[in-house]
Amino acid sequence: MEFVFQCGWCDGDNFFVGRQVGFWVDKWEVPSEWYCRFCDGLNYTPDPPWEEA
């Protein structure tokens, strides 16, 4: 599943494909830290629920 996170520095939309954790549960794993693809600013993933892309 793909999720979208907004950069805290430039408000750019960054997309990540989450890896499903577990077989019968609806839990996903995404990076805890990431760099914006527009401004290269360091961001931290917020707590779920996340917005699907």
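First, a word on what this report is: a plain description of the structure on this page. (Residues numbered from 1 in each chain as written. Predicted model: local features only at pLDDT ≥ 70, side-chain atom pairs only at ≥ 80, totals over all residues. Heavy atoms only, no water.)

## Observations regarding the side chain of Thr45
Among the secondary structure elements, Thr45 is positioned in the segment after strand S6 (42-44). Among the residues examined, Thr45 registers a relative accessible area of 17% and is labelled buried. Separated by 2.3 Å, the side chain of Thr45 and the backbone oxygen of Pro31 make a polar contact. Setting aside chain neighbours within four positions, we find Thr45 in contact with Phe5, Val30, Pro31, Ser32, Glu33, Trp34 and Trp50. (Helix = DSSP H or I, 4+ residues; strand = E, 2+ residues; numbered from the N terminus. Buried < 20%, exposed > 50% of the residue type's maximum accessible area, 1.4 Å probe, protein only. Polar contact = N/O pair within 3.5 Å; in protein donor to acceptor, adjacent residues only side chain to side chain. Contact = heavy atoms within 4.5 Å.)

## Observations regarding the packing of aromatic side chains
Aromatic rings in a pair are described by how distant their centres are and how their planes are angled relative to each other. Tallied over the entire structure, the rule returns six aromatic pairs. With 5.9 Å between their ring centres and 50° between their planes, Phe5 and Phe16 make a pair best called tilted. Of the two residues, Phe5 is situated in strand S1 (residues 2-6) and Phe16 in strand S2 (residues 13-17); the sequence distance between them amounts to eleven residues. Taken together, a centroid distance of 5.9 Å and an interplanar angle of 80° make the contact between Phe5 and Trp50 edge-to-face. Residue Phe5 is found in strand S1, and its partner Trp50 is found in the segment after S6; the two are separated by 45 residues along the sequence. One exposure class covers both Phe5 and Trp50, and it is buried. (Phe/Tyr/Trp six-rings, centres within 6.5 Å; stacked < 30°, edge-to-face > 60°.)

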